[in-house]
Amino acid sequence: MSRLDDWASRLAPSARWTLAGLAGLLNGAAFVDVGWLALVANVPLLVALRGAPSASLAAGLGGLVGLLGGVHIYGILNYGWLLFVGFSVYTASQMVIYALLLRALTGRVGRLYDVLLPALVWTLTEWIRTVGPLAMPASYVGCLADLPALRPWLALAPITGGLGVSSLVALAQSGLYFLVFGGRDHRVPAVAALAFVGAVGAWGAASPPPLGDRPLTVAGVQGGLANPQYAAARADAAARRDVVRTYETLSHQAYARGVDLVVWPETAVRAPVLDTPSLRRRLFPPADAHSVLVAGLLFENRHGQSYNLAAYVVPGGETPDAYAKKRLVPNAEAHLTPGDAWRPLDTRVGRLGVLICLESVYPDAGRAVAARGAELLLVMSNDAGFGWSPITRHMTNRAAVRALETGRWLLRVGQAGVTTLIDPTGARHGQLGLFEPAVLYGEARLRDDLTPFVRWGDWWMGVVALLLGGGVFVSLRRRRAARPASAASARR
Amino acid sequence: MLAPLLLAYAGARAWAGYHELRRQYVVEGLFRTYQPPYPDGDAWVIDPRPGDLWTEVRDRYRPGVPLPPPPAAPTPEAWTRALAALDLPAHPAPDAWSGAEPRLWFGPGGPWLLTGVFGRQPVFFDPARGVVMAPERLPDAPALELTGVRENPW
């Protein structure tokens, strides 16, 4: 037993809880505002788990980390306590899995495996967080997506998905931990892991993804209104006219500039625009305009079903196609009818893959629209409910991961913000401030090639599952083999 | 040593988050500044923008028309004469307000402009507060109904 092992096994429970608390706060801060902390966030937890005397203590330590990390996304409180508590408990449960698997497998397979294990287990838990109705923003790749210095590592995303970048972050944590606390036995694999992380960065810097070659001028219209203005607009025609006039004015600025594509945020105008000729005339591109519009609207059909809609509008006001939000926000959008499929809008400026709000948080929707031919991604969001809370940053970063994974340019348009244009390397081309009424102009490029991630989806998770399964298998075999030997030596 | 620091940080973060979530937003809109809504007794001031009632009537029902001289007094009679100059026919309101037609209400604190109902809650413009949503119908008081007058909903 190394001196460090000895020290770790003698750690008082209070010291372990303190270290877990530190890890939880570091994870939370990384998720909401200090992204680079992700590179070290779980190191204190790995120390706390070392030599943990019981599985229940390990589970508790992991749960504390998940809970503290989860509650940092308090911005969703504006969407209800249920979502906030559910999300935090869900995040805690993932970290319980993390802690228990680490405790069960560390030291049982091999030194290199020990160093890989935190990355494998983190990848598993992060993947689980993309499944189910409570899947919400909490990924290491999302922490890093707006840090230019770490952009080379994001080049892995078109191959493995954002999940692979998160694996790399977790591997860096593990490498650091074993380098400092792992003792002599683990030093070589730790250095190898860190060297591998460095090599991926060097490769990413040397081979950025292609940016595409078909230019398209775009404009994102950000009304900048807060939820109280929309609430007032429900009850008062004067407030409603303000909303309409805001989008009318900003949109016509964009039409007059002659951009190819104008995009509104999610549910920008909550009036029956499609059924009201006067509103169509005022808001949609006039017949002599060059621009087409993708308009975020609420739409109620004649059967009384309401949809969160992205309507494709051509000059003159016709709407040849529309996409209805498929993945609705649990509880908050229970009154809406979901759309039937993720599919791109086939427009005269290209095939546009629309993701509405929550849909951009998940990898599956972006992948599906890219696989079906989307050449540009549009993320239409509201985000006014998050106010100035830092969750908006992470939501924007999660959308940026969709650009990385699919190799597409992505225009994100938020009602309150953030409105930004992101290229396939993750670089931002302009950004509007929160609650700023303005138009973001930029030039995107269209691409139609398919990245390995779009072709093969969660193959990286498959590799991780194989490695984890292999570790479990070897660990069980060794335990079984050790049992007769120890029984025999006891008999002797 | 570490634990107090963590507790202090967690406390500071919780404090900041609490205030962030409770923060009332003043939004600089394209055409005007939007103040945050606030409760006022049982009512909600949903769009705080104190202003001139006479201008509000013109802006809602005769937008673009030059503003005639305002009513000489806060009485139904003076308002009836002034409204005629805006080509807005006004008559004494016969009964309880259904919300179908706008009204000028001359109760305590009035006159207020009753613009519509949201659910069952009356919505009105009070020059001292802005657009207000009351929890229940306003008390009986002299009122003028703007007969046949419709506000552009958009």
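Here, every reference points to the structure presented above.
Residues numbered from 1 in each chain as written. Chains lettered and ligands numbered in written order. Predicted model: local features only at pLDDT ≥ 70, side-chain atom pairs only at ≥ 80, totals over all residues. Heavy atoms only, no water.

Caption draft 1: Broad picture of the overall build of chain B. A count of helical and extended segments in chain B gives three helices and ten strands. Listing every helix and strand of chain B by position from the N terminus yields α-β-β-β-β-α-α-β-β-β-β-β-β. Relative to the 2.2 N^0.38 estimate, which gives 15 Å for 154 residues, the radius of gyration of chain B is 21 Å and therefore markedly larger than a compact globule would have. If you line up chain B on its principal axes, its C-alpha atoms span 80 × 30 × 30 Å. Counting only contacts in chain B whose residues sit at least 6 apart along the sequence, the fraction spanning at least 24 positions is 55%. (Helix = DSSP H or I, 4+ residues; strand = E, 2+ residues; numbered from the N terminus. Rg over C-alpha atoms; globule rule 2.2 N^0.38 Å. Contact = heavy atoms within 4.5 Å.)

Caption draft 2: Structural detail: the sheet that holds strand β5 (residues 321-324) of chain A. All names here are of chain A. Ordered in space as β5-β4-β3-β2-β1-β12, the six strands form an open sheet in which the pairing is mixed. Both outer strands of the open sheet, β5 and β12 (438-446), are each paired with one neighbouring strand and no more. Across the sheet, the mean angle from the axis of one strand to that of its neighbour is 30°, orientation sign disregarded. In this structure, strand β2 (residues 261-263) lies alongside strand β3 (residues 292-300), joined through three bridges in parallel fashion. (Pairing = 2+ DSSP bridges. Axes fitted to C-alpha atoms, helices over the stretch in contact; angles between N-to-C directions.)

Caption draft 3: Layout of the side chain of A:Glu359. Residue and element names in this part refer to chain A. Position of Glu359 relative to the elements: it lies in the loop between β7 (350-356) and α15 (363-371). The buried charged residue Glu359 lacks any salt bridge partner; its closest oppositely charged side chain belongs to Lys325, at an N-O distance of 6.5 Å. For Glu359, the side chain forms a polar contact with the side chain of Trp342, separated by 3.2 Å. Discounting residues that sit within four places of it in the chain, Glu359 has contacts with Tyr323, Lys325, Lys326, Arg327, Trp342, Val354 and Ala365. (Buried < 20%, exposed > 50% of the residue type's maximum accessible area, 1.4 Å probe, protein only. Lys, Arg positive; Asp, Glu negative; His and termini not counted. Salt bridge = Lys/Arg side-chain N within 4 Å of Asp/Glu carboxyl O. Polar contact = N/O pair within 3.5 Å; in protein donor to acceptor, adjacent residues only side chain to side chain.)

Caption draft 4: How the structure looks around the packing of helix α12 (residues 227-235) of chain A against helix α13 (residues 237-257) of chain A. Residue and element names in this part refer to chain A. Two elements in contact, α12 and α13, have axes whose closest approach is 6 Å; the angle formed by their N-to-C orientations is 125°. Taken together, the axis directions place α12 and α13 in an arrangement best described as oblique. By crossing handedness, the relation of α12 to α13 is classed as left-handed. Counting all contacts with α12, which are made through Gln229, Tyr230, Ala232, Ala233, Arg234 and Ala235, the residues of α13 involved are Ala237, Ala239, Arg240, Val243 and Tyr247. Here the contact of α12 with α13 is composed, by residue class, of eight nonpolar, one polar and two charged. (Parallel < 35°, antiparallel > 145°, perpendicular 65-115°, else oblique. Left-handed = near helix turned anticlockwise from the far one by under 90°. Nonpolar A, V, L, I, M, F, W, Y, C, P; charged D, E, K, R; others polar.)

Caption draft 5: Inspection of the sheet that holds strand β8 (residues 376-381) of chain A at higher detail. Residue and element names in this part refer to chain A. The six strands lie next to each other as β6-β7-β8-β9-β10-β11, forming an open sheet whose pairing is mixed. Every interior strand has two partners, whereas the edge strands, β6 (345-347) and β11 (428-431), have only one. Averaged over all pairs of adjacent strands, the angle between their axes in this sheet comes to 20°, without regard to strand direction. Of the pairings in the sheet, the one linking strand β9 (residues 410-414) to strand β10 (residues 420-422) comprises three bridges and is antiparallel in character. When the bridges of β10 are listed, Leu410 appears paired with Ile422.

Caption draft 6: Representation of the interface of chain B and chain A in the model. Taken together, the contact between chain B and chain A spans 33 residues of the former and 44 residues of the latter. Regarding the contact of chain B and chain A, the summed buried area is about 3,200 Å², with carbon and sulfur atoms giving 66% of it. For the chain B face of the interface with chain A, the top three residues by lost area are B:Arg13, B:Leu21 and B:Trp154, together amounting to 25%. Applying the counting criterion to the chain B and chain A interface returns four salt bridges. (Buried area = accessible area lost by both parts, 1.4 Å probe.)

Caption draft 7: Highlighting the pattern of salt bridges. Residues and elements named next belong to chain A. Taken as a whole, this structure holds 28 salt bridges over all chains when the rule is applied. Of the charged contacts in the structure, one is a salt bridge between Asp146 and Arg393, with a shortest N-O distance of 2.9 Å. On the criterion of sequence distance, the pair formed by Asp146 in the loop between α7 (140-144) and α8 (151-154) and Arg393 in helix α16 (residues 391-406) is long-range, its members being 247 residues apart. Judged by relative accessible area, which is 17%, Arg393 ranks as buried.

Caption draft 8: Spotlight on a nonpolar patch on the surface. Residue and element names in this part refer to chain A. Taken together, Leu67, Val71, Trp81, Val85 and Val89 make up a surface patch of nonpolar side chains, about 450 Å² in accessible area. Listed by contribution, the elements that provide at least two residues to the nonpolar patch are α4 (55-71) and α5 (81-105). Of all the elements, α5 adds the most residues to the nonpolar patch, at three residues. Tracing the sequence through the fold places Trp81 in helix α5. On the accessibility criterion, Trp81 (59% relative accessible area) is exposed. (Patch = residues over 30% accessible without salt bridge, like charges linked within 9 Å, V, L, I, M, F, W, Y side chains within 5 Å. Areas by Shrake-Rupley, 256 points an atom, 1.4 Å probe, with all protein chains shown as cover.)

Caption draft 9: Expanded view of the environment of A:Leu46. All names here are of chain A. Relative to the elements of secondary structure, Leu46 occurs in helix α3 (residues 43-49). Linking Leu46 and Arg103, residues 57 residues apart in sequence, is a C-alpha distance of 9.7 Å. Leu46 has contacts with Tyr98, Leu102, Pro118, Gln173, Ser174 and Tyr177, leaving out every residue within four places of it along the chain.

Caption draft 10: Summary view of the pairing of β3(A). As for the winding sense of the linkage, the β-α-β connection from β2(A) through helix α14 (residues 277-283) of chain A to β3(A) is right-handed. In textbook terms, the turn of a hairpin is the stretch between consecutive antiparallel strands, and for β3(A) and strand β4 (residues 306-313) of chain A this stretch comprises five residues, one of which, A:Gly304, has a positive phi near 85°. (Right-handed = clockwise from strand over helix to strand, strands pointing away.)

Caption draft 11: Highlighting the state of the cysteines. Residue and element names in this part refer to chain A. What the rule picks out here adds up to zero disulfides over all chains. Here Cys143 is not cross-linked by a disulfide; its sulfur's nearest cysteine counterpart is in Cys357, at 19 Å. Residue Cys357 is classed as buried on the basis of its relative accessible area, which comes to 11%. (Disulfide = S-S within 2.5 Å.)

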